[in-house]
Amino acid sequence: MTDLVELAKRRGFFFQSSEAYGGVSGFYTYGPQGASLKERVEETWRERFALAEGHMQIDAPTVMPEPVFEASGHLDGFDDMLVECAECGESHRADHLIEGATDIEEAESLPTDEVASLLDAHDIDCPSCGAPLAGQPVDEFNLMFETNIGPGTSQTGYLRPETAQGIFVEFPRLKEYARGQLPFGVTQVGKSYRNEISPRNALVRTREFTQAELELFVDPDGDEPDVSSVADVEVTLYPAENQPEGDYVETTVGEAVAEGVVDPWVAYYLGVATEWYETIGVDFERFRYRQHQPGERAHYATDCWDAEADVSAPDEAPEWIEIAGYAYRGDYDLSKHGEHGTENFTVFTQYDEPKTVERASVDPDMSYLGPEFGGAAAEIADALAALAERDRAAFEGDEVTVDVDGESYTVPTEKTGFEFAEETEAGRHVTPHVVEPSIGIDRTVYTVLAHAHEEDEVDEGERTVLRLDPSVAPTDVAVFPLMDKDGMGERAHEIATTLRGEGLDVTYDDSGNIGRRYRRQDEVGTPFCVTVDYESVDEEPETVTLRERDSTDQVRVPSADLASVLADLRAGETTFDDL
Ligand SMILES: Nc1ncnc2c1ncn2[C@@H]1O[C@H](COP(=O)(O)OP(=O)(O)OP(=O)(O)O)[C@@H](O)[C@H]1O
């Protein structure tokens, strides 16, 4: 990681923020190259996950009030295990220390006291100063950043730990925009915040990061998805039962669905995602979808697969990081907001044909039931309502008997308010289930850089090159005058301006010898360089040298054709060899 992080800093991809004040860990600034690369990765995501799929996009606030996170479960449960070193005061993820020192894979799912005993039993030391951590308490630490909304402490708010809540909370309005038709999808790209105990590995674990999330709302009793458009997409799967040592399964999305290996909705998005990862230049030799172990999944999720990338440097041991999660989340999110919020989080789905349904009901209150019913009137009313729904015949006699907490109560039937009717229903209210592709943009950017990063030999000697796909490279083309004299500088400026006018991102560089300039562009991943030389200014019609980054091959191209040649090369409609 260090070579890449050093290159990223030197060439303006990313660097630690606020270094003038000593820096603060877990916060990174994207420099000129990185900001552009990140923006392009986000843009390609939007094109594939929102525009091509016909989904909505929203942009919700990053601060949300406390009740949102009470409902979502983050306030109670969004914790990591913290152990602090008594010697140096550094904080560490206790579960990560256990995983590093033992065969235990998901220490996160163990109780804190057990993790504390494991720290003792395995004589685990502080990674920062080497002092023993034995005897130190392990605590649950909530990862949300808390803030006050408005002056005083009147209202507590939190920085959102995931963009998803902004979508769930607005569901009652969003469903109107979708005209109440399921399935429909809502996307959002934006910042999320987690007060990570131990931020590390540059962009991989930060305290402020960008997520791109899609929440697809589906009818749990509706049709299965049509995966035909991505059925042939090849995927490398690492199913739960094959972990940790077993084989990967090389298959297609279509086969994975046919064989029941992946939930069909999740599989559809693994297909969409794979197409997207290909466009941004992820190396599939170092990429897999790993299924969550049952104990690792959130209790409400029925299937979840993480996209994982190996971001190790060449010749180093693999270093797998999670870059995204693709999950079937059931109705958990909307049910919770339905229970806590004041709006309706269900959707009315219309049947193809109206249906006749039987409705049986009882008096919902029954507070008139006297002391002989032990003050259990409300519970008796509930039990009778449930009985009416499942067994209408129980109300045919003069009395009806129900059990409440092991006690039997007999109520005169006329007092139950039992009613029965047949009704015609046009549809029903359902709480949609959620299918969620949740992508970390920063980890994706990091993967794209790690997979593009190479050292190779060219005529001019050893070089560092980023073989970035032209669709995400921060600069489309660099324009150089061979020397800034004899009109070459002026022509190069004019050509740069013309190309900018065509919508290309162009760098102009006239400093240092030409070899050095090529090398600089190779290091930031610029796919093509144009050089204006003596031949260019002397000959009619004017030609320039076009150099390709990966092969370092050069051809002469008429200046007048440059914009269209570059457009074709970027779109993959022509190759450099064809020129
Ligand atoms: N601290 C972070 N820094 C950068 N990206 C993050 C961070 N936490 C989460 N992400 C990104 O958001 C995505 C979805 O978030 P999710 O809640 O599934 O992550 P997670 O499983 O908690 O990640 P981890 O287990 O690595 O903490 C992740 O796949 C990752 O790409």
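As annotated in an unreviewed UniProt entry, the protein chain carries the name glycine--tRNA ligase and is attributed to Halarchaeum rubridurum. In its Sequence similarities (unreviewed entry) section, the UniProt entry covering the protein chain states "Belongs to the class-II aminoacyl-tRNA synthetase family."

1. Some thoughts on the pattern of salt bridges
In this structure the tally under the stated criterion is 39 salt bridges. Across the salt bridge formed by E6 and R10, the nearest N and O atoms sit 3.2 Å from each other. A residue pair is termed a helical-turn pair when its members lie 3 or 4 positions apart in one helix, as E6 and R10 do in helix α1 (residues 2-10) at 4 residues. Overall, E6 belongs to the partly exposed group, its relative accessible area being 43%. With its nearest N and O atoms 2.9 Å apart, the salt bridge here joins D476 to R40. One end of the pair, D476, is in the loop between β23 (461-466) and β24 (477-481); the other, R40, is in helix α2 (residues 32-51), and 436 residues separate them in sequence. Residues D476 and R40 agree in their burial class; the two are buried. Overlapping salt bridges, with partners in common, bring together E454, D456, R463, R467, D522, R547, R549 and D550 in one network.

2. Looking at the environment of E436
Mapping E436 onto the fold places it in strand β21 (residues 433-440). With 107 residues separating them in the primary sequence, E436 and R329 have C-alpha atoms 7.1 Å apart. Those residues in contact with E436 that sit more than four places away from it in its chain are A164, F168, E213, L214, E215, G325, Y326, A327 and R329.

3. Points about the pairing of strand β16 (residues 320-328)
Most of β16 sits inside the fold, with 7 of its 9 residues counted as buried. Judged from the 8 bridges that link them, strand β15 (residues 303-310) and β16 form a sheet pairing that is antiparallel. Bridge assignment links A307 to a residue of β16, and that residue is A324. Pairing of β16 with β21 involves 5 bridges; the strand directions are antiparallel. Its bridge partner lying in β21, A327 is registered against E436.

4. Here we look at the side chain of E213
You can see E213 is positioned in strand β11 (residues 208-218). No salt bridge is formed by the buried E213. Its closest oppositely charged neighbour is R194, at 6.4 Å. For E213, the side chain forms a polar contact with the side chain of T163, separated by 2.5 Å. From its side chain, E213 meets the backbone nitrogen of A164 in a polar contact 2.7 Å long.

5. Digging into the sheet that holds strand β8 (residues 146-149)
As a general point, the strands of a sheet are linked pairwise by backbone hydrogen bonds and lie either parallel or antiparallel. Pairing is antiparallel across the open sheet formed by 3 strands, whose spatial order is β4-β9-β8. Two strands in the sheet have a free side with no partner beyond their single neighbour: β4 (63-65) and β8. On average, each strand axis in the sheet is inclined to that of its neighbour by 45°, with strand direction left out of account. The sheet contact formed by β4 and strand β9 (residues 155-159) spans 3 bridges and is antiparallel. Within the sheet, the bridge partner assigned to V63 lies in β9 and is L159.

6. Observations concerning helix α6 (residues 112-121)
Restricting attention to buried positions, one finds in α6 the residues V115, A116, L118 and L119. What you see down the axis of α6 is that its buried residues fit within an arc of 160°, all on one side. Set apart from the buried face of α6 by more than 90 degrees, the exposed residues are D113 and A121. On its buried face, α6 sits against β5 (79-84), α5 (94-101) and β7 (138-142). Immediately beyond the C-terminal end of α6, within one or two residues, lies D123, with a positive phi of roughly 50°.

7. Points about the domain arrangement of the protein chain
Bring the parts together and some accessible area is lost; that lost area is often taken as the interface size. Per the domain assignment, the segments making up the protein chain are domain 1 (2-64 + 157-333 + 435-441), domain 2 (351-427) and domain 3 (475-578). Here the C-alpha centre of domain 3 lies 81 Å away from the C-alpha centre of domain 2.

The rules behind each value
- Residues numbered from 1 in each chain as written.
- Predicted model: local features only at pLDDT ≥ 70, side-chain atom pairs only at ≥ 80, totals over all residues.
- Heavy atoms only, no water.
- UniProt positions renumbered as here; feature names shortened; annotations may be inferred.
- Salt bridge = Lys/Arg side-chain N within 4 Å of Asp/Glu carboxyl O.
- Helix = DSSP H or I, 4+ residues; strand = E, 2+ residues; numbered from the N terminus.
- Buried < 20%, exposed > 50% of the residue type's maximum accessible area, 1.4 Å probe, protein only.
- Contact = heavy atoms within 4.5 Å.
- Pairing = 2+ DSSP bridges.
- Lys, Arg positive; Asp, Glu negative; His and termini not counted.
- Polar contact = N/O pair within 3.5 Å; in protein donor to acceptor, adjacent residues only side chain to side chain.
- Axes fitted to C-alpha atoms, helices over the stretch in contact; angles between N-to-C directions.
- Arc of directions from axis to C-beta.
- Domains from an automatic or database assignment.

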